[in-house]
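Listed below, chain by chain, are the residues.
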Amino acid sequence: MPARSPEELDVLFANAINAGDIEAAIELYEPGACLMPDPGQVVSGISAVREALGGLIAMKPRLRLDVKKLAETVGIALTTSKWVLEGTGPDGKPMKAEGQSAEVARRQPDGTWRFVIDNPHGLQ
């Protein structure tokens, strides 16, 4: 399901991750989008984003978030989300993380929105 607003991108992303549906998550990104899976690390392009999100989905996570649109102009939007992620860590033990993201989205020719830059770690 495509996002009809910039804020809806994060909601659809959380739904896809919680369902373990990597294809639905990938559809929310432009082909050349970049993702920051860890502070200071940037991956670009759908293959790299798929690999990074695959690691997240392997945790069988539960993602909750609160989305805000900060600014929008001429088909570009800046959003942020406070998020809480619970799942299974690499050691097999339960884990919990939280933070605040920053995302840049672009309106597509068909009126839907996709991520261009996705930084789940905000300003870190």
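Residues numbered from 1 in each chain as written. Predicted model: local features only at pLDDT ≥ 70, side-chain atom pairs only at ≥ 80, totals over all residues. Heavy atoms only, no water.

1. Topic: helix 3 (residues 46-58)
The end-to-end C-alpha separation of helix 3 is 18 Å, in line with the 18 Å expected for 13 residues at 1.5 Å each. The inward-facing, buried residues of helix 3 contact helix 1 (6-19), helix 2 (22-26), strand 1 (29-38), strand 2 (41-44) and strand 4 (76-88). Phi turns positive, to about 50°, at Lys60, one or two residues after helix 3. (Helix = DSSP H or I, 4+ residues; strand = E, 2+ residues; numbered from the N terminus. Expected span 1.5 Å × (residues − 1). Contact = heavy atoms within 4.5 Å.)

2. A look at the pattern of salt bridges
Following the criterion strictly, the structure yields six salt bridges and no others. With its nearest N and O atoms 3.5 Å apart, the salt bridge here joins Glu27 to Arg114. In this pair, Glu27 is assigned in the loop between helix 2 and strand 1 and Arg114 in strand 6 (residues 113-119), connecting sequence segments 87 residues apart. Among the salt bridges present, the one from Glu72 reaches Lys69, with a minimum N-O distance of 2.8 Å. Judged by relative accessible area, Lys69 falls into the partly exposed class, the value being 37%. Salt bridges sharing partners connect three or more residues here, namely Glu7, Lys69 and Glu72. (Salt bridge = Lys/Arg side-chain N within 4 Å of Asp/Glu carboxyl O. Buried < 20%, exposed > 50% of the residue type's maximum accessible area, 1.4 Å probe, protein only.)

3. Focus: the nonpolar core
Of all hydrophobic cores here, the largest spans 26 residues; its most connected members are Leu9, Phe13, Leu28, Tyr29, Leu53 and Leu56. When contributions to this core are tallied by element, the ones reaching two or more residues are helix 1, helix 2, strand 1, helix 3, strand 4 and strand 6. No other element matches helix 1, which puts six residues into this core. Apart from residues lying up to four places away in sequence, Leu53 is in contact with Phe13, Ile22, Ala25, Ile26, Tyr29 and Leu35. (Core = buried A, V, L, I, M, F, W, Y, C linked by side-chain atoms within 4.5 Å.)

4. Concerning the environment of Glu72
Assignment of secondary structure puts Glu72 in strand 3 (residues 62-73). In contact with Glu72, not counting residues within four places along its chain, are Pro6, Ala77, Arg107 and Trp113. A polar contact of 2.8 Å, which involves the side chain of Glu72, links it to the side chain of Lys69. (Polar contact = N/O pair within 3.5 Å; in protein donor to acceptor, adjacent residues only side chain to side chain.)

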